[in-house]
Amino acid sequence: GWNGIALWDQITWTYHVYQTTVSNNIVIGNTRTGIDLAGSTYKNILRGNNVTGNQMHGISLRNAPDTTVTNNTVSENVIFGIYVSGTSSSKIYHNNIIGNTNQAFEDGDNMWNLAYSGGGNYWSDLTSPDDYGGPSQSIAGADGFVDVPRVIPGGANQDMYPWTTKDGWIGY
């Protein structure tokens, strides 16, 4: 199909999708986007989905504020793993972002990590170094987080605490 799961109103761009949870789906090989939220959808949750091998984006948030994207595996998507545009106040953390042509894009003001001990996302192309710990990654000794933030192309946001291992947050 075109999109795997699409929650949006293309014509009126009104708030038709509110406080909806999309969870535990396998979304593979669509000709467009795996999970697409657009058109002023807001306060939704995407959790526990496997979004793989889509021809555009794995997960796309377009004008979808206050969305939580957590515990998803987003892999091998052709354009972006996670694409966020025209969206603010969303939380994107504890996701495995693996082998996408471009791992992510974001042009808004969103959060890509929790506080220090909670961490951010696992990025398959950024797994080291891990020589330091602490909130500013300045204390000698590994802590499971990459010592440098992951810059998210498109704006000024970063994942401050990228995990060094897939599912690194389990047990924390």
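The structure this text deals with has already been given above.
Residues numbered from 1 in each chain as written. Predicted model: local features only at pLDDT ≥ 70, side-chain atom pairs only at ≥ 80, totals over all residues. Heavy atoms only, no water.

## Structural notes on the overall build of the protein
- In terms of regular secondary structure, the protein is built from zero helices and 19 strands.
- In summary, the protein has a C-alpha radius of gyration of 16 Å against a globular reference of 16 Å for 172 residues, a match within 12%.
- Along the three orthogonal principal directions, the C-alpha set of the protein runs to about 55 × 30 × 30 Å.
- Expressed as a percentage of the 172 residues in the protein, the buried residues total 49%.
- Excluding contacts between residues fewer than 6 apart, the proportion of contacts in the protein whose partners are at least 24 apart in sequence is 50%.
- Surface accessibility of the protein: about 7,700 Å² in total, with carbon and sulfur atoms responsible for 52%. (Helix = DSSP H or I, 4+ residues; strand = E, 2+ residues; numbered from the N terminus. Rg over C-alpha atoms; globule rule 2.2 N^0.38 Å. Buried < 20%, exposed > 50% of the residue type's maximum accessible area, 1.4 Å probe, protein only. Contact = heavy atoms within 4.5 Å. Areas by Shrake-Rupley, 256 points an atom, 1.4 Å probe, with all protein chains shown as cover.)

## Comments concerning the sheet that holds strand β4 (residues 35-38)
- Across the sheet, which stays open at both edges, the five strands sit in the order β1-β4-β7-β10-β13 with parallel pairing between neighbours. Edge strands, defined here as strands with exactly one partner in the open sheet, are β1 (5-8) and β13 (102-106). On average, each strand axis in the sheet is tilted by 5° relative to the strand beside it, whichever way the strands run. (Pairing = 2+ DSSP bridges. Axes fitted to C-alpha atoms, helices over the stretch in contact; angles between N-to-C directions.)

## Some words on the pattern of salt bridges
- Going through the model one piece at a time under the given rule, you end up with two salt bridges.
- The salt bridge partner of Asp36 is Arg62, with a shortest N-O separation of 2.8 Å. Taken together, the residues span a long stretch of sequence, with Asp36 in strand β4 and Arg62 in strand β7 (residues 57-62) at a distance of 26 residues.
- Asp36 sits in the buried class, given a relative accessible area of 4%.
- Across the pair Asp125 and Arg150 runs a salt bridge whose closest N-O atoms are separated by 2.6 Å. Highlighted residues: Asp125 in the loop between β15 (122-123) and β16 (132-133) and Arg150 in strand β18 (residues 150-151), separated in sequence by 25 residues.
- Take Asp125: its relative accessible area is 48%, and that puts it in the partly exposed class.
- Residue class for Arg150 comes out buried when judged on its relative accessible area of 13%. (Salt bridge = Lys/Arg side-chain N within 4 Å of Asp/Glu carboxyl O.)

## Overview of the environment of Ser89
- When you line up the elements, Ser89 lands in strand β11 (residues 88-93).
- Judged by relative accessible area, which is 42%, Ser89 ranks as partly exposed.
- Each C-alpha atom, one on Ser89 and one on Pro65, is 5.8 Å from the other, the two residues being 24 residues apart in sequence.
- Those residues in contact with Ser89 that sit more than four places away from it in its chain are Asp66, Thr67, Asp109 and Asn110.

## Overview of the pairing of β1
- Side chains Ile5 and Leu7 of β1 all project onto a buried face; the interleaved residues Ala6 and Trp8 project onto a face where none is buried.
- Bridging between β1 and β4 involves four bridges; their strand directions are parallel. Residue Trp8 lies in a different strand from β4, and its bridge partner there is Ala38.

## Some remarks on the sheet that holds strand β2 (residues 21-23)
- Reading across the sheet, the five strands line up as β2-β5-β8-β11-β14 and stay open at both edges, with parallel pairing between neighbours. The open sheet has two free edges, formed respectively by β2 and β14 (109-111), since each of these has just one partner strand. If you compare each strand with its neighbour and ignore which way they point, the axes differ by 15° on average.
- Inspection of the sheet shows β11 paired to β14 by two bridges, in the parallel sense. Looking across to β14, one finds that Ser88 is bridged to Asp109.

## So, the packing of aromatic side chains
- Inspection of the entire model under this criterion finds 10 aromatic pairs.
- A centroid spacing of 4.5 Å and a plane angle of 45° characterise the contact between Tyr18 and Tyr42, whose relative ring orientation is tilted. Taken together, the positions of Tyr18 in the loop between β1 and β2 and Tyr42 in the loop between β4 and β5 (45-47) put the pair 24 residues apart, joining distant regions of the chain.
- Owing to a relative accessible area of 38%, Tyr18 belongs among the partly exposed residues under this scheme.
- Look at Trp163 and Trp169: their rings are 6.3 Å apart centre to centre, the planes differ by 70°, and that puts the pair in the edge-to-face class. Pair check on accessibility: Trp163 and Trp169 agree, each one buried.
- Taken together, Tyr116, Phe145, Tyr161, Trp163 and Trp169 form an aromatic cluster joined through their ring pairs. (Phe/Tyr/Trp six-rings, centres within 6.5 Å; stacked < 30°, edge-to-face > 60°.)

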